[in-house]
Amino acid sequence: VTSSPSIAKDAPTRNNNQDKEDITWWIERIAERTKNSERKIADLTEQVESQSKANNQLKCSHQRSLEHSRELENKLERETENYEQLQRTHQSALCECQELERKVKDP
């Protein structure tokens, strides 16, 4: 662990060069931390953008699924109506057949 130098103005053994070195040391540390923070911010920004893109893709996929589901529901409804109509037609034809059979047996 690097210890930070003291930049106390009232230290009797200090001179102007030492103060400049201390200030330079602090400036370098602050620059390093700033650079590290900027990298972290850039990484987080990239992660957020990537997640946002993934979320948008999921939203689009979900929307397509909903639309497909509605189409299938509509198709099922139409097919159910067709089936019910066929059942009615079949029942009507069956009744006609039974009526014809009776007429054939008892003319």
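The structure under discussion appears in the preceding block.
The text that follows walks through the structure, step by step, so that each part is easy to find. (Residues numbered from 1 in each chain as written. Predicted model: local features only at pLDDT ≥ 70, side-chain atom pairs only at ≥ 80, totals over all residues. Heavy atoms only, no water.)

**A short note on a negative patch on the surface**
- On the surface, Glu-73, Glu-77, Glu-81 and Glu-84 cluster together to form a negatively charged patch.
- Mapped onto the elements of the fold, Glu-73 is located in helix 1 (residues 16-105). (Patch = residues over 30% accessible without salt bridge, like charges linked within 9 Å, V, L, I, M, F, W, Y side chains within 5 Å. Areas by Shrake-Rupley, 256 points an atom, 1.4 Å probe, with all protein chains shown as cover. Salt bridge = Lys/Arg side-chain N within 4 Å of Asp/Glu carboxyl O. Lys, Arg positive; Asp, Glu negative; His and termini not counted. Charge placed at Lys NZ, Arg CZ, Asp CG, Glu CD. Helix = DSSP H or I, 4+ residues; strand = E, 2+ residues; numbered from the N terminus.)

**As for the pattern of salt bridges**
- This model, assessed by the stated rule, comprises three salt bridges.
- Here Glu-99 makes a salt bridge to Arg-102, at a shortest N to O gap of 2.6 Å. A residue pair is termed a helical-turn pair when its members lie 3 or 4 positions apart in one helix, as Glu-99 and Arg-102 do in helix 1 at three residues.
- Through salt bridges that share partners, Glu-28, Arg-29 and Glu-32 make up one connected network.

**Considerations on the packing of aromatic side chains**
- Counted under the stated rule, the structure contains one aromatic pair.
- Aromatic pair Trp-25 and Trp-26: ring centres 5.1 Å apart, planes at 85 degrees, arrangement edge-to-face.
- The partly exposed category is assigned to Trp-26, whose relative accessible area is 33%. (Phe/Tyr/Trp six-rings, centres within 6.5 Å; stacked < 30°, edge-to-face > 60°. Buried < 20%, exposed > 50% of the residue type's maximum accessible area, 1.4 Å probe, protein only.)

**Describing helix 1**
- In this model helix 1 runs 130 Å from its N-terminal to its C-terminal C-alpha over 90 residues, within 8% of the 134 Å that 1.5 Å per residue would give.
- When we look at burial in helix 1, the residues that qualify are Asp-19, Asp-22 and Trp-25. (Expected span 1.5 Å × (residues − 1).)

**Examining the state of the cysteines**
- Summed over all chains, the structure comprises zero disulfides.
- Unpaired in terms of disulfides, Cys-95 finds its nearest cysteine sulfur in Cys-97, a separation of 9.4 Å.
- Its relative accessible area of 40% is what places Cys-95 among the partly exposed residues. (Disulfide = S-S within 2.5 Å.)

**Observations regarding the environment of Thr-24**
- Within the fold, Thr-24 resides in helix 1.
- Exposure remark for Thr-24: the relative accessible area of 37% places this residue in the partly exposed category.
- Here Lys-20 takes part through its backbone oxygen, which lies 2.8 Å from a polar atom of the side chain of Thr-24. (Polar contact = N/O pair within 3.5 Å; in protein donor to acceptor, adjacent residues only side chain to side chain.)

In short, shape yes, function no, at least from these values alone.
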